[in-house]
Amino acid sequence: MNPFETLRFAVGGLAANKVRSALTMLGVLIGVAAVIILLAVGNGSSQSVKDSIEKLGTNSLTVSSGSGGAFGGALGGGGRRTSSATSTKPLTVDDARALADPASAPDIKSVAPEVSTSQTAIYQGTSHTVGQVVGTYPAYFEASNSKVDKGDYFSADDVLNSRKVAVIGSTTASELFGTASPVGKKVVIGGTPFTVVGVLATKGGTGFQDPDDTVIAPLPTVQNAFTGFGPVSQILVEAKSADATTPAQNEITTVLMGTHGIKDANSLDFRVSSQESLLSTQSDTNRTFTVLLGAVAAISLLVGGIGITNIMLVTVTERTREIGIRKAIGAPKGVILGQFLAESTLLSLIGGGLGVVAGLIGSHFRIVGIKPVVIPESVWGAFAIAVAIGLFFGSYPANRAASLRPIEALRHE
């Protein structure tokens, strides 16, 4: 029997049980689509976080209180590096002033201490809870790569005079003002009126906090209105260039060891994080996350393969007499084996093809706030694995059919 006749018989066998064949293909379809979409979600999450970190600039450094993690200070504390650190001294504005001294830190371009809180903003009866109200210096905008889309930044003079002015994020602007321009308008934040002087360009990104839902105001104004004149949350430092990041990091450590009275470099009560280190940590985390998602999706493919085995075993049982007749009139074992292998492979081939289409369509929609980014290798890989599963899981039923003795098969009712 030539390959075309084998394929024709396989199509006829599947068409004889349309519902059963469709359900089997559906299992393969779900498995392939799950692999493509879940890997795309993992890749999209990784890309989104990477883009968000890179938007801060390659020469930005973040100084946090404590040494328990890269984000220890911003989250309200952190662990100590070693047991020899007896206490953790919080970061202060004086620390920022010391870092801004060019004699002590010649590789540092600018320094911006930060305090942050969350407050409710109100404009003409419209209320919105702002994710992050930041008090800082004008140097913050360049160091964090925050560009103004409308209006302007606040100035050093605004900081010195504790003026109640603010630059707001695009999300905050749309929530409070809709499509109207917020520049020059007054908004009440936490009971304190602020004049909006600028609106930041949209940064975008995913995660628990929208980077565009923010209000940035002069440091003493926010301290006086909300946080008090105590420690700062963190200090954002901008090195003079990307190549100067490492020397600047060393200078920060030396200066803060002096201001904090630390003699032992193993007993630091602060942590300096660069964008490069954050990217490295994020990449490792997301790689593991993507692998786990791929493993979960692969289970769906395995279940689809088991479904093919079950359906083909049922098919062999139902067509036992047909197999006996064909063998009795001279059909060799290879022909019977080829026909049932062709049927199982055709099931996985069609199901896999439809799964690829479903996966690519599904990847165009946001999933839990993440824009999936399809990995081309996952498309071809999932499809190839689906076809291989059809061959592998169909081989046992096909071999069983080919091994039936003609006399026993003809006796079967």
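Values in this document were obtained by computation on a predicted structure and should not be read as measured data.

## Quick word on the overall build of the protein
Then, in step 1: Counting secondary structure elements, the protein contains 13 helices and 10 strands.
Then, in step 2: Sequence-distant contacts, at least 24 apart, represent 78% of the contacts inside the protein between residues at least 6 apart.
Then, in step 3: Per element, the accessible surface of the protein, about 19,800 Å² overall, is 60% carbon and sulfur.

## Some remarks on the pairing of strand β8 (residues 214–218)
Then, in step 1: With respect to burial, β8 is a largely interior element, five of its five residues being buried.
Then, in step 2: With five bridges connecting them, strand β3 (residues 126–136) and β8 associate as parallel partners. Opposite Val134, over in β8, you have Ile216 as the bridge partner.
Then, in step 3: The pairing of strand β5 (residues 165–168) with β8 spans two bridges and is classified as antiparallel. Residue Val167 lies in a different strand from β8, and its bridge partner there is Ile216.

## Quick notes on the environment of Gly304
Then, in step 1: Assignment of secondary structure puts Gly304 in helix α9 (residues 275–318).
Then, in step 2: Spatially, the C-alpha atoms of Gly304 and Gly351 are 9.5 Å apart, while their sequence positions differ by 47 residues.
Then, in step 3: Aside from chain neighbours lying at most four places away, what touches Gly304 is Gly27 and Val28.

## Description of the packing of aromatic side chains
Then, in step 1: Scanning the model with the defined rule gives five aromatic pairs in all.
Then, in step 2: Between Phe141 and Tyr153, the aromatic rings sit 4.7 Å apart at their centres with planes inclined by 45°, giving tilted as the arrangement. With Phe141 in helix α4 (residues 139–143) and Tyr153 in the loop between β4 (148–151) and α5 (156–160), the pair connects residues that are 12 residues apart, well separated along the chain.
Then, in step 3: Between Phe194 and Phe226 the ring centres are 6.4 Å apart and the planes differ by 20°, which places this aromatic pair in the stacked class. Taken together, the positions of Phe194 in strand β7 (residues 192–200) and Phe226 in helix α7 (residues 219–227) put the pair 32 residues apart, joining distant regions of the chain.
Then, in step 4: You can call Phe194 buried: its relative accessible area is 1%.
Then, in step 5: In this structure an aromatic cluster arises from ring pairing among Tyr140, Phe141, Tyr153 and Phe154.

## A short note on the nonpolar core
Then, in step 1: By size, the foremost hydrophobic cluster in this structure holds 43 residues, and its most contacted members are Leu99, Val187, Ile235 and Ile252.
Then, in step 2: Excluding its chain neighbours within four sequence positions, the residues that come into contact with Val187 are Ala121, Ile122, Tyr123, Leu176, Phe177, Thr192, Pro193, Phe194 and Val196.
Then, in step 3: Among the nonpolar cores identified, the runner-up in size contains 22 residues, and Met25, Leu39, Leu347 and Ala386 belong to it.

## Points about the pattern of salt bridges
Then, in step 1: Considering all chains together, one arrives at four salt bridges under this definition.
Then, in step 2: Note that Arg97 and Asp94 form a salt bridge whose closest N and O atoms lie 2.8 Å from each other. Of the two residues, Arg97 and Asp94 are both situated in helix α3 (residues 93–99); the distance of three residues between them amounts to about one turn of the helix. Comparing Arg97 with Asp94, the two get one shared label, exposed.
Then, in step 3: A salt bridge links Lys109 to Glu142; its shortest N-O distance comes to 2.6 Å. Of this pair, Lys109 sits in strand β2 (residues 108–123) while Glu142 sits in helix α4; the two residues are 33 residues apart in sequence, bridging distant segments of the chain.

## Re a nonpolar patch on the surface
Then, in step 1: On the surface, a cluster of nonpolar side chains totalling about 390 Å² of accessible area is made up of Val19, Leu23, Leu26 and Ile30.
Then, in step 2: Among the secondary structure elements, Leu23 is positioned in helix α2 (residues 18–54).

## Section: the pairing of strand β9 (residues 234–239)
Side-chain direction in a regular strand flips from residue to residue, so the side chains alternate between the two faces of the sheet.
Then, in step 1: The buried fraction of β9 amounts to six of the six residues, a majority that puts the element mostly inside the structure.
Then, in step 2: Sheet analysis places strand β1 (residues 60–65) next to β9, joined by five bridges and oriented antiparallel. Across the sheet, residue Leu61 finds its bridge partner in β9, namely Val237.
Then, in step 3: Here β2 pairs with β9 via six bridges, running antiparallel. Of the residues in β9, the one forming a bridge with Pro113 is Ile235.

## Quick word on the side chain of Asp213
Then, in step 1: As for its position among the elements, Asp213 is in the loop between β7 and β8.
Then, in step 2: Although buried, Asp213 forms no salt bridge, and the nearest oppositely charged side chain, Lys203, lies 13 Å from it.
Then, in step 3: Only 2.9 Å separates the side chain of Asp213 from the side chain of His128, close enough to count as a polar contact.
Then, in step 4: In this structure, Asp213 is in contact with His128, Thr129, Val130, Gly131, Gln132, Thr171 and Thr172, ignoring residues within four places of it in sequence.

## Some remarks on helix α6 (residues 170–177)
Then, in step 1: With six of eight residues buried, α6 lies mostly within the body of the structure.
Then, in step 2: Inspection of α6 places Ser170, Thr171, Thr172, Ala173, Leu176 and Phe177 among the buried residues, and these make up the whole buried set.
Then, in step 3: Along its buried surface, α6 packs onto β2, β3, β5, β6 (186–189), β7 and β8.

## Focus: the confidence of the model for the protein
Then, in step 1: Averaged over all residues, the pLDDT of the protein is 80; the fraction at 70 or higher stands at 79%.
Then, in step 2: Scored below 50 in pLDDT, residues 68–86 makes 37 contacts in the model with residues more than four places away or belonging to other chains.

## A short note on unusual backbone geometry
Then, in step 1: A positive phi angle, near 50°, is found at Gln124, a position not held by glycine.
Then, in step 2: The residue Gln124 is located in the loop between β2 and β3 in this model.
Then, in step 3: Unlike most non-glycine residues, Ser162 shows phi in positive territory, near 50°.

## Quick notes on helix α8 (residues 245–259)
Then, in step 1: The first and last C-alpha atoms of α8 sit 21 Å apart over 15 residues, in line with the 21 Å expected at 1.5 Å per residue.
Then, in step 2: By the burial criterion, the buried members of α8 are Thr245, Ala248, Glu251, Ile252, Thr253, Val255, Leu256 and Met257.
Then, in step 3: Along its buried surface, α8 packs onto β1, α3, β2, β9 and β10 (270–274).

Calculation notes
Along each chain, residues carry numbers from 1 onward, in the same order as the chain's sequence is written. pLDDT decides what is reported in this predicted model: residues at 70 or higher carry local features, side-chain atom pairs at 80 or more are listed and counted, and totals for whole chains, interfaces and linings draw on all residues regardless. Side-chain metrics in this entry use all non-hydrogen atoms of the structure; hydrogen atoms and water are not considered. By the criteria applied, helices consist of DSSP H or I runs no shorter than four residues and strands consist of E runs no shorter than two, each listed in order from the N terminus. Any two residues whose heavy atoms approach within 4.5 Å at even a single point are treated as in contact. Accessible surface is estimated by sampling points in the Shrake-Rupley manner with a 1.4 Å probe; for residues, cover comes only from the protein chains shown. We call a residue buried when its accessible area falls under 20% of the maximum for its residue type, exposed when it is over 50%, and partly exposed in between, using a 1.4 Å probe and counting protein chains only. If DSSP finds at least two bridges between two strands, the strands pair. Stacked, tilted and edge-to-face are the three classes assigned to paired rings of Phe, Tyr and Trp, where Trp is represented by its six-membered ring and a pair needs centres within 6.5 Å; plane angles under 30 degrees give stacked, over 60 edge-to-face, the rest tilted. Residues belong to one nonpolar core when they are buried, are Ala, Val, Leu, Ile, Met, Phe, Trp, Tyr or Cys, and are joined through side-chain atoms within 4.5 Å. Salt bridges, as used here, are contacts in which a Lys or Arg side-chain nitrogen is within 4 Å of a carboxyl oxygen on Asp or Glu. Exposure above 30% relative accessible area and the lack of any salt bridge qualify a residue for a patch; like charges then connect within 9 Å, and the nonpolar side chains Val, Leu, Ile, Met, Phe, Trp and Tyr within 5 Å. Positive: Lys, Arg. Negative: Asp, Glu. His and the chain ends are not part of the count. We call two N or O atoms a polar contact when they sit within 3.5 Å, provided that within protein one can donate a hydrogen and the other can accept it, with sequence-adjacent residues counted only if both atoms are side-chain atoms. As a per-residue measure, pLDDT tells how confident the predictor is, with possible values from 0 to 100. Here a helix's expected span is defined as the number of its residues, less one, multiplied by 1.5 Å.

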